[in-house]
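So you can see what is in the structure, the chains are spelled out below.
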Amino acid sequence: MLDQGVERLTQLEDDPGKEPEVEARLRLTLGRTYRSIGAYDEAEKQLNKALPLFQRFVGKDDLQTIEVMNQLALVYQAMGDHKKVEELLNEVLVKRERMLGSGHPETLRAQMDLATLYRSQGIYERAEQLSSAALAKLEKTRGEEDPATIRAMTELASVFLAQGKLLQARSR
């Protein structure tokens, strides 16, 4: 399947500009696939080529463009480039809040991804703020048993544990 995608991409590259929407979507799919198998350099390459294509044909603030940015952030996170991850996730969060609202599941996922990044960098106060806010919204809208809510509880407990706040961590 991956070989078929690469073959189709080669055909598109032989006739540049013919089907930019198809090329953009194919590069996004390949980027996701390469990321999922740990081929981060190739994922980065495909996603960095997809981003300007999406920006050009759907716009910089379109949800598809924002998803490419989110995928790139995940690749950079796996590669250990925290500065790029932070820049991209902050931009993704701002755009998703504007486009979808602060309580939308995709917005809250970006908020949790950013909280996880901050916790991993030892920026506990910001991680706690983001995960607490996300948890409150998720508990209200999705309930305590929802997987996203459980992820937020776990992240907040991890932030508390990293700070030595054992009582708060146990209450989560």
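Predicted, not measured: the structure shown is a model, and the values here were computed from it.

S.K.: Which parts of the structure should I look at to understand the overall build of the chain?
M.R.: Regarding its fold elements, the chain presents nine helices and zero strands. Counting only residues that meet the buried cut, the chain has 38% of its 172 residues in that class. Expressed as a percentage of contacts within the chain between residues at least 6 apart in sequence, the contacts between residues at least 24 apart total 51%. Here the chain displays about 9,200 Å² of accessible surface, and carbon together with sulfur accounts for 50% of that area.

S.K.: Please explain the nonpolar core as it appears in this structure.
M.R.: A general feature of soluble globular proteins is that nonpolar side chains tend to end up buried together. By size, the foremost hydrophobic cluster in this structure holds 31 residues, and its most contacted members are Leu47, Phe54, Val68, Leu72, Leu88, Leu114 and Leu130. Contributing elements (two or more residues each) for this core: helix H2 (20-36), helix H3 (40-57), helix H4 (63-79), helix H5 (82-100), helix H6 (105-120) and helix H7 (124-142). Here this core gets seven residues from one element, more than from any other, and that element is H4. Among all residues touching Leu130, those that are not within four sequence positions of it are Leu93, Gln111, Leu114, Ala115 and Tyr118.

S.K.: Help me understand the pattern of salt bridges in this model?
M.R.: Two side chains of opposite charge can pair, provided their charged atoms sit close to one another. Tallied over the entire structure, the rule returns 16 salt bridges. Glu21 is the salt-bridge partner of Arg25, the closest N and O atoms lying 3.8 Å from each other. Note that Arg25 and Glu21 are positioned in helix H2 at a spacing of four residues, about one turn of the helix. By relative accessible area, Glu21 is classed as partly exposed at 42%.

S.K.: What is the right way to look at the packing of H6 against helix H8 (residues 147-162) in this model?
M.R.: Contact geometry of H6 with H8 gives a least axis separation of 10 Å together with a crossing angle of 20°. Considering the angle they form, H6 stands roughly parallel to H8. Along this stretch, H6 crosses H8, giving a crossing that reads as left-handed. Between H6, through Arg109, Met112, Asp113, Ala115, Thr116 and Arg119, and H8, the contact on the second element is made entirely by Arg151, Ala152, Glu155, Ser158 and Val159. In terms of residue class, the contact of H6 with H8 is built from four nonpolar, two polar and five charged.

S.K.: Sorry, what's going on with the packing of H4 against H6 here?
M.R.: In a packed pair of helices, the relevant descriptors are the angle between the two axes and the axis-to-axis distance. Remark: H4 packs on H6, axes separated minimally by 12 Å, with the N-to-C direction vectors making an angle of 20°. For the element pair H4 / H6, the angle class is roughly parallel. Once H4 is placed against H6, the crossing between them reads as left-handed. Taken together, the residues of H6 that come into contact with H4 (itself represented by Glu67, Asn70, Leu74 and Gln77) are Arg109, Asp113 and Leu117. Residues that form the contact of H4 with H6 fall into these classes: two nonpolar, two polar and three charged.

S.K.: Where do I start with the environment of Asp62 in this structure?
M.R.: Locating Asp62 in the fold gives a position in the loop between H3 and H4. Judged by its relative accessible area of 24%, Asp62 is partly exposed.

The rules behind the values
- Residues numbered from 1 in each chain as written.
- Predicted model: local features only at pLDDT ≥ 70, side-chain atom pairs only at ≥ 80, totals over all residues.
- Heavy atoms only, no water.
- Helix = DSSP H or I, 4+ residues; strand = E, 2+ residues; numbered from the N terminus.
- Buried < 20%, exposed > 50% of the residue type's maximum accessible area, 1.4 Å probe, protein only.
- Contact = heavy atoms within 4.5 Å.
- Areas by Shrake-Rupley, 256 points an atom, 1.4 Å probe, with all protein chains shown as cover.
- Core = buried A, V, L, I, M, F, W, Y, C linked by side-chain atoms within 4.5 Å.
- Salt bridge = Lys/Arg side-chain N within 4 Å of Asp/Glu carboxyl O.
- Axes fitted to C-alpha atoms, helices over the stretch in contact; angles between N-to-C directions.
- Parallel < 35°, antiparallel > 145°, perpendicular 65-115°, else oblique.
- Left-handed = near helix turned anticlockwise from the far one by under 90°.
- Nonpolar A, V, L, I, M, F, W, Y, C, P; charged D, E, K, R; others polar.

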